[in-house]
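Here is what each chain is made of, one letter per residue.
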Amino acid sequence: MDPPATSGFSGKHAGNDFHGKFTRWSADIRYNPAAPESSSITASIETGSAADGVPLHEETMPQAEWFNVGKYPSAEFKTTRISADGAIEGTLKIKDRQLPVTGLKVTADKGVLHITGKFDIARKDADLGQESDAGGDYVSLKIGVDVNVTAKAP
């Protein structure tokens with residue numbers, strides 16, 4: 001399924017804000033509003049589809065120091081828990097790193113599902129840009145991730 005959605009990222013580079021998105025990804029959403037704790041969400045994000053309109057960023061993001069697209073063509077998200085109030089806990093695998101994710105929420109209304117929220121990724125924890133900018137002198141140490149997914153039941 002390719003639900004209408006945005007999966008964006010943001011931060012600062014050389015003191016300037018940047019905002020980008022992943023243009024290719026897919027998700028498998030198995031949500032039961034009557035039993036959210038038995039539900040699951042997985043997503044595969046093509047790391048090579050990261051785009052923010054800045055040629056320097058788009059040239060360097062696929063390289064080994066950043067997403068290393070040649071070795072790790074995708075990042076993977078899996079829920080570990082969906083609570084009765086719709087709060088989502090999960091794990092995001094970037095490269096060979098497993099990062100905990102909180103801050104997302106799922107709601108359902110008349111067959112339409114919404115997954116929204118924000119969380120931060122510490123570049124050090126994700127092994128992004130650690131060779132040239134481990135201290136965050138150029139790129140912010142935390143990268144914000146914004147999720148806004150709308151999906152209809154089949």
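Since this is a predicted model, take the numbers as computed values, not measurements. The numbering scheme is per chain: residues are counted from 1 as the chain's sequence reads. Restriction of local features to residues with pLDDT of at least 70 applies here, the model being predicted, together with a cutoff of 80 or more for giving and counting side-chain atom pairs; totals for whole chains, interfaces and linings are based on all residues. Neither water nor hydrogens contribute to the side-chain values; these are computed over all heavy atoms in the structure.

What about the overall build of the chain?
Helix numbering and strand numbering both begin at the N terminus, where a helix is a DSSP run of H or I of at least 4 residues and a strand a DSSP run of E of at least 2. Of the regular secondary structure elements, the chain holds three helices and ten strands. Along the chain, helices (α) and strands (β) appear in the sequence β-β-β-β-β-α-β-β-β-β-α-α-β when read from the amino end. Here the C-alpha radius of gyration of the chain, 16 Å, is about what a compact globule of 154 residues would show, namely 15 Å. Oriented by its inertia axes, the alpha-carbon framework of the chain measures out at about 50 × 30 × 25 Å. Considering the chain as a whole, with its 154 residues, one finds that 40% of them fall into the buried category. When the accessible surface of the chain is summed, it comes to about 8700 Å², and 51% of that surface belongs to carbon and sulfur atoms. His is not counted, nor are the chain ends; Lys and Arg add positive charge and Asp and Glu add negative charge. Think of each charge as sitting on NZ of Lys, CZ of Arg, CG of Asp or CD of Glu. For the chain, the centre of its 17 positive side-chain charges and the centre of its 21 negative side-chain charges are spaced 4 Å apart. Restricting the calculation to C-alpha atoms gives the radius of gyration, and the globule rule supplies 2.2 Å times the number of residues raised to the power 0.38. Three exposure classes are used, based on accessible area relative to the maximum for each residue type with a 1.4 Å probe and protein chains only: buried under 20%, partly exposed in between, and exposed over 50%. Each accessible area is a Shrake-Rupley result for a 1.4 Å probe, and residues are judged covered by the shown protein chains and nothing else.

Here we look at the environment of Glu65
Tracing the chain through its elements places Glu65 in the loop between helix H1 (55-60) and strand S6 (74-82). Put simply, Glu65 and Leu141 are 76 residues apart on the chain and 15 Å apart in space, counted from C-alpha to C-alpha. Filtering out sequence-adjacent residues up to four positions away, Glu65 remains in contact with Lys95, Asp127, Leu128, Gly129, Gln130, Glu131, Ser132 and Asp133. Pairs of residues are marked as contacts when any of their non-hydrogen atoms sit within 4.5 Å.

Some details on the layout of surface pockets
In this approach the atoms are scanned with a rolling probe the size of a water molecule, which exposes any empty space left behind. There is about 740 Å³ of room inside the largest pocket. Together, 38 residues line the largest pocket, and Phe9, Phe22, Phe67, Ile121 and Val145 are the ones closest to its centre. With four residues, the single largest contributor to the lining of the largest pocket is strand S10 (residues 142-152). Residues are grouped as follows: nonpolar covers Ala, Val, Leu, Ile, Met, Phe, Trp, Tyr, Cys and Pro; charged covers Asp, Glu, Lys and Arg; every other residue, Gly included, is treated as polar. Class assignment for the residues of the lining of the largest pocket results in 29 nonpolar, six polar and three charged. What the second largest pocket holds in volume is close to 180 Å³. Points on a 1 Å grid over protein atoms alone make up a cavity when a 1.4 Å probe fits among them but cannot get out, and a pocket when they form an open set with protein on both sides within 12 Å along at least five of seven lines; lining residues each have an atom within 4 Å of a point. Contributing to the lining of the second largest pocket are twelve residues, with Tyr31, Leu113, Lys152, Ala153 and Pro154 lying nearest its centre. Grid points are joined across faces, edges and corners, and a volume is the space filled by probe spheres set on the points.

Here's the deal with the pairing of strand S8 (residues 97-109)
Here, a strand pair is defined by DSSP locating no fewer than two bridges between the strands. Sheet topology places strand S7 (residues 87-94) next to S8; seven bridges connect them, and they run antiparallel. Within S8, the position partnered with Thr91 by the bridge is Pro100. Between S7 and S8, which pair antiparallel in sequence order, lie two residues; one of them, Lys95, sits at a positive phi of approximately 55°. Hairpin connection, S8 to strand S9 (residues 112-122): the antiparallel pair is bridged by two residues, and Lys110 has positive phi, about 55°.

Focus: the pattern of salt bridges
For salt bridges, the criterion is a side-chain nitrogen of Lys or Arg within 4 Å of an Asp or Glu carboxyl oxygen. Overall, the coordinates contain eight salt bridges when judged by the stated rule. Asp96 serves as the salt-bridge partner of Arg97, at 3.5 Å between the closest nitrogen and oxygen. Given the relative accessible area of 30%, Arg97 is considered partly exposed.

Here's the deal with the nonpolar core
The nonpolar core is taken to be a set of buried Ala, Val, Leu, Ile, Met, Phe, Trp, Tyr and Cys residues, with the residues joined through side-chain atoms within 4.5 Å. Counting residues in hydrophobic clusters, the biggest one holds 35 residues, and the most contacted among them are Leu92 and Ile115. Mapped onto this core, the elements with two or more residues apiece are strand S2 (16-22), strand S3 (25-30), strand S4 (40-46), S6, S7, S8, S9 and S10. In terms of residue count, the dominant contributor to this core is S10 (five residues).

Examining the packing of aromatic side chains
The geometry of an aromatic ring pair is captured by two quantities: the separation of the ring centres and the angle between the planes. Each Phe, Tyr or Trp ring (for Trp, its six-membered ring) is paired with any other whose centre lies within 6.5 Å, and the angle between the two planes then decides the class: stacked below 30 degrees, edge-to-face above 60, tilted in between. Evaluated as defined, the whole model comprises three aromatic pairs. Taking 5.2 Å as the distance between ring centres and 55° as the angle between the ring planes, the aromatic pair formed by Phe9 and Phe22 counts as tilted. Separated by 13 residues along the polypeptide, Phe9 in strand S1 (residues 5-13) and Phe22 in strand S2 bring together distant segments of the chain. For the pair Phe9 and Phe22, a shared accessibility class is recorded, and that class is buried. Between the aromatic rings of Phe22 and Phe67, the centroid separation amounts to 5.9 Å while the plane-to-plane angle is 70°, which identifies the pairing as edge-to-face.

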